[in-house]
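Chain residues, written in single-letter form:
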Amino acid sequence: MSTSSLQVTRTPSTPPEVVCVGETMALVTPTDGALSQAHAASLGLAGAESNVTAGLAAAGHSAAWASRLGDDPLGARISAELARRGVELWVELDQDAPTGVMFKDPAAEGSSVYYYRRGSAASRMAPGHLSVDQLTGVRIVHTTGITPALSPSTSDMVDRLFEDARTAGALVSFDVNDRRALWSMEDAAATLARLANAADIALVGRDEAERIWGTSTAEEIRAFLPDCALLVVKDGDVGATAFEGDAEPVFVPAPVVEVVEPVGAGDAFASGFLAATLEGRPLAERLSAGHVAAERVLTIAADMPPIS
């Protein structure tokens, strides 16, 4: 496999505070109707981990996005946009595999999405994609449940990433982020539970937990994931509950928001929560920071807010 590196030059004494690992795809969105009839479209990007990275950078924190892209115009476009948002790029270019593509099909009852990511450059990430040396000095390593679902090699890569991040002295943050189209319910339920339970920080939506694990309340989710050091359960417009060790859970209600589109709100919440974590803020303030970041995305028709 032929690759070249896009890693931004930096000195060993200045590692980023956070490294987020996962796939980002080119996003095609029709601008004049349904996908089957549209004549015009916008071209952007979509990726849970890069959304989090961009949110952290916007909050004033140093953050790197680590992945693989095709050595193609779509990969170049993704890299340029993330760099424009202040994200440090730890990216390999693959001359033999493409950048993944996602199409959005807007409709009054809700948008559908169609993925063309099988065999993508990112799906070829493998154990050791990031070394312990690269991660030394990083405070948090973040990934999501999308990454292990991409391929057997990315699943193995995430397992190794958890180990190497801890060896390097970083906290492991994991957002469950179940994508039904990527794998079977059986594989998803087992793998996501194992990874969330092993994380230092895990974030999960109450609705997705009920769908994949049959747990209907935040307390049931905590009982199901007893070993996670800090578990955050997000419950849509109700609020978010954090469970840390044996302490009493902390709940912060969600603000009232006129939702334009919910896509990307969970990633924004993670970026706000992690930014406040880096700042050493109390748990309730971290949850509030997650809500504020999510609110900015809920009120626009995009995964990431415009650069102010």
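Since we're looking at a predicted model, the values are computed, not measured.

## A word on the nonpolar core
Trp213 and Leu231 are the most contacted members of the largest nonpolar core, which totals 42 residues. Among the elements that line this core, the one with the most residues is helix 6 (residues 185–198), at 6 residues. Those residues in contact with leucine 231 that sit more than four places away from it in its chain are Ala202, Val204, Ile221, Arg222, Leu225, Thr241, Ala242 and Phe243. The next biggest cluster of nonpolar side chains, apart from the first, holds 23 residues, and it includes Ile201, Ala242, Phe269 and Leu278.

## With respect to the sheet that holds strand 3 (residues 25–30)
Across the sheet, 4 strands lie side by side as 4-3-7-8; this open sheet has mixed pairing. The open sheet has two free edges, formed respectively by strand 4 (41–46) and strand 8 (112–116), since each of these has just one partner strand. Each neighbouring strand pair of the sheet contributes to a mean axis angle of 25 degrees, computed without reference to strand direction. One ladder, built from 5 bridges, connects strand 7 (residues 101–105) with strand 8; its direction is antiparallel. Of the residues in strand 8, the one forming a bridge with lysine 104 is valine 113. The strands touched by helix 2 (residues 73–84) within the sheet are strand 3, strand 4 and strand 7, with strand 4 carrying the most contacts at an inclination of about 70 degrees.

## A closer look at the pairing of strand 7
The element strand 7 is largely enclosed, with a buried count of 4 among its 5 residues. Bridging between strand 3 and strand 7 involves 3 bridges; their strand directions are parallel. If you follow valine 28 over to strand 7, its bridge partner there is phenylalanine 103.

## Things to note about helix 9 (residues 265–278)
Over its 14 residues, helix 9 extends 20 Å from the first C-alpha to the last, a length consistent with the 20 Å expected when each residue adds 1.5 Å. For helix 9, the buried fraction is high: 13 of the 14 residues fall into the buried class. Positive backbone phi, at 70 degrees, marks glycine 280, one or two positions downstream of helix 9.

## Some thoughts on a nonpolar patch on the surface
Taken together, the side chains of Leu35, Tyr114 and Tyr116 present a nonpolar region at the surface, about 310 Å² in accessible area. Relative to the helices and strands, tyrosine 116 resides in strand 8. Tyrosine 116 sits in the exposed class, given a relative accessible area of 54%.

## Notes on the pattern of salt bridges
Any two side chains of opposite charge can pair, so long as their charged atoms come close to each other. As enumerated under the stated definition, the model contains 17 salt bridges in all. With a closest N to O distance of 2.9 Å, arginine 117 and glutamate 23 form a salt bridge. Placement of the pair is arginine 117 in the loop between strand 8 and helix 3 (132–135) and glutamate 23 in the loop between strand 2 (18–21) and strand 3, with a sequence separation of 94 residues. For the pair formed by arginine 117 and glutamate 23, the shared burial category is buried. Here glutamate 279 and arginine 281 are joined by a salt bridge, their closest N and O atoms 3.0 Å apart.

## Let's talk about unusual backbone geometry
Most peptide bonds are trans, and most residues other than glycine sit at a negative phi. With a phi angle near 45 degrees, asparagine 177 is a residue other than glycine that sits in the positive phi range. With respect to the helices, strands and loops of the structure, asparagine 177 is situated in the loop between strand 10 (171–175) and helix 6.

## Some points on the packing of helix 6 against helix 7 (residues 206–213)
Between helix 6 and helix 7, the shortest axis-to-axis distance is 9 Å and the interhelical angle comes to 120 degrees. By the angle between their axes, helix 6 is oblique relative to helix 7. Residues Met185, Ala189, Leu192 and Ala193 of helix 6 touch helix 7, and the partners they reach there are Arg211, Ile212 and Trp213. Each residue belonging to the contact of helix 6 with helix 7 can be placed in one class, and the counts come to 6 nonpolar, no polar and 1 charged.

## Side note on the environment of valine 292
Here valine 292 lies in helix 10 (residues 283–298). Judged by its relative accessible area of 43%, valine 292 falls in the partly exposed class. With 37 residues separating them in the primary sequence, valine 292 and proline 255 have C-alpha atoms 8.0 Å apart.

The rules behind each value
- Residues numbered from 1 in each chain as written.
- Predicted model: local features only at pLDDT ≥ 70, side-chain atom pairs only at ≥ 80, totals over all residues.
- Heavy atoms only, no water.
- Core = buried A, V, L, I, M, F, W, Y, C linked by side-chain atoms within 4.5 Å.
- Buried < 20%, exposed > 50% of the residue type's maximum accessible area, 1.4 Å probe, protein only.
- Helix = DSSP H or I, 4+ residues; strand = E, 2+ residues; numbered from the N terminus.
- Contact = heavy atoms within 4.5 Å.
- Pairing = 2+ DSSP bridges.
- Axes fitted to C-alpha atoms, helices over the stretch in contact; angles between N-to-C directions.
- Expected span 1.5 Å × (residues − 1).
- Patch = residues over 30% accessible without salt bridge, like charges linked within 9 Å, V, L, I, M, F, W, Y side chains within 5 Å.
- Areas by Shrake-Rupley, 256 points an atom, 1.4 Å probe, with all protein chains shown as cover.
- Salt bridge = Lys/Arg side-chain N within 4 Å of Asp/Glu carboxyl O.
- Parallel < 35°, antiparallel > 145°, perpendicular 65-115°, else oblique.
- Nonpolar A, V, L, I, M, F, W, Y, C, P; charged D, E, K, R; others polar.

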